[in-house]
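# Summary of the model geometry
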Amino acid sequence: MTPTGTASNQGDTTDTEAEPHQLDEETFYGEVRSFSFWFEAVEGYLEGRPYGYDPAMPEEQLDQQHRERIVTTLCNYCVGEAAALEAASGMVRLAPNHNSRIFMATQVADEARHLEVFLHRIGQLGVQDPEAEVQRLAHPNIVAFKARLLELVDDGDWDASVFALNVLLETLEFTVFRYHARTADAITSQILDGVVSDERRHLGFGENTLGHHLVAHPDDRARLTEMKSQLDTLVLGAFEGAYDDLGLHRDQRPQLGRDYLEAVERLGLLG
Amino acid sequence: MSDIAQIHSTPDSEGSDAEPEEPRRRFELEETGFKEVPKRWRKFYRHWKGEGDSLGPNEVICPVCKVVIRSTREFRPGDRVYCMPCMSRMVVVRSDDGSLEAKVTY
């Protein structure tokens, strides 16, 4: 059994102890979507990791094939992160309230950091011009997804943008990055762990924002379900490509869409 | 023998409409190395360790981000819980297999 608590001789300390579950809803959302919450959270897992990893961590010896696979994979992650950065920055203006606007601003900073650490890692792995390499190796599906996502933002469609970015893209990245972190070299793994910690906030914001919206506007469900079916193929194809780049056989791959399908089922968008 | 330590039991019926009113066990939480929320909230969450890990009576898994949510008191169906790492609001429900799980509410 995993430890869930320890004995105490301090008497009834727990009755007066602040517990998050006792907060009222407004206080909870005010807390978790604040800049101070974001700052203290990221400080916890990024302090001393300027490019997402401990600089004292030694580089593993990677053979040429392994190195090329990681570079290809990270290049495609960069397309996804660049899409997220550009979309999130545009969504700051679309957000329907200050609470969401402030959260999106923290997401912009997160996505910029992700892009930076992945580009830095690609450079560390021997690529002279990481940006050019990203363009050269980008999977067509993720490039097409980025274009479609930015169209939604440019159209001013907040709900569709939240779905495409914070539910679809973020949930799939969450799945892929968690899996990749378990199998990657130590430095790449630590970088991915930090990104996954950020993604938790992003995908949670997306599901909860859309969930609230659909409770109040159930008629929007059909439109979002239709959009989901259009976008699924692009993103799922792109991440299947990422697994191909990592050299994983079909039976070795995690269920790529499971977390995503669970999320859309909770939202009633399975179609 | 479980290493879950009971501090005391007190009558506590909050959020437990569907179950008999029995005293809830209380727990003093310790930090487990979880750093994805500000310090004052860290002990209320931990990472799921995968195969071999299990949940205590004061723990449920967040279905959105897979973090383990913890409380100083034993959970009961109807309890409200918040997952701060992913900002989700949930209610504790009894699943078909009899275990407690968190269901997202919007």
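Residues numbered from 1 in each chain as written. Chains lettered and ligands numbered in written order. Predicted model: local features only at pLDDT ≥ 70, side-chain atom pairs only at ≥ 80, totals over all residues. Heavy atoms only, no water.

A few words now on the pairing of strand S6 (residues 80–83) of chain B. Residues and elements named next belong to chain B. Where S6 meets strand S7 (residues 88–94), four bridges bridge the pair, whose relative direction is antiparallel. Pairing of Tyr-82 across the sheet is with Arg-89, part of S7. In this antiparallel pair of consecutive strands, S6 and S7, the connection spans four residues, and Met-87 shows a positive phi of 65°. (Pairing = 2+ DSSP bridges. Helix = DSSP H or I, 4+ residues; strand = E, 2+ residues; numbered from the N terminus.)

Strand order in the open sheet formed by three strands is S6-S7-S8 (chain B), with antiparallel pairing between adjacent strands. Only two strands of the sheet have a single neighbouring strand rather than two, namely S6 and strand S8 (100–104) of chain B. On average, each strand axis in the sheet is inclined to that of its neighbour by 40°, with strand direction left out of account. Against the sheet, helix H1 (residues 25–32) of chain A makes contact with S6 and S7 of chain B, and its axis sits at roughly 10° relative to S6(B), the strand it touches most. The strands touched by helix H8 (residues 186–216) of chain A are S7 and S8 of chain B; relative to S7(B), the strand with the most contacts, the crossing angle is about 80°. (Axes fitted to C-alpha atoms, helices over the stretch in contact; angles between N-to-C directions. Contact = heavy atoms within 4.5 Å.)

All names here are of chain A. If you walk through the whole model with that rule in mind, you get 24 salt bridges over all chains. For the salt bridge of Arg-148 with Glu-151, the shortest nitrogen-to-oxygen distance reads 2.9 Å. On the criterion of helical spacing, the pair formed by Arg-148 and Glu-151 is a turn pair, its members being three residues apart in helix H6 (residues 140–154). Sharing partners across several salt bridges, the network here consists of Asp-110, Arg-113, Asp-198 and Arg-201. (Salt bridge = Lys/Arg side-chain N within 4 Å of Asp/Glu carboxyl O.)

In this section: the sheet that holds strand S5 (residues 68–70) of chain B. Residues and elements named next belong to chain B. Taken together, three strands build an open sheet; the order of strands is S3-S5-S4 and the sheet is antiparallel. Bordering the open sheet on either side are strand S3 (45–46) and strand S4 (59–61), each of which pairs with just one other strand. Pairing of S4 with S5, which is carried by three bridges, proceeds in the antiparallel orientation. When the sheet's bridge partners are listed, Ile-61 is paired in S5 with Val-68.

As far as function goes, none of this settles anything; it's purely spatial.
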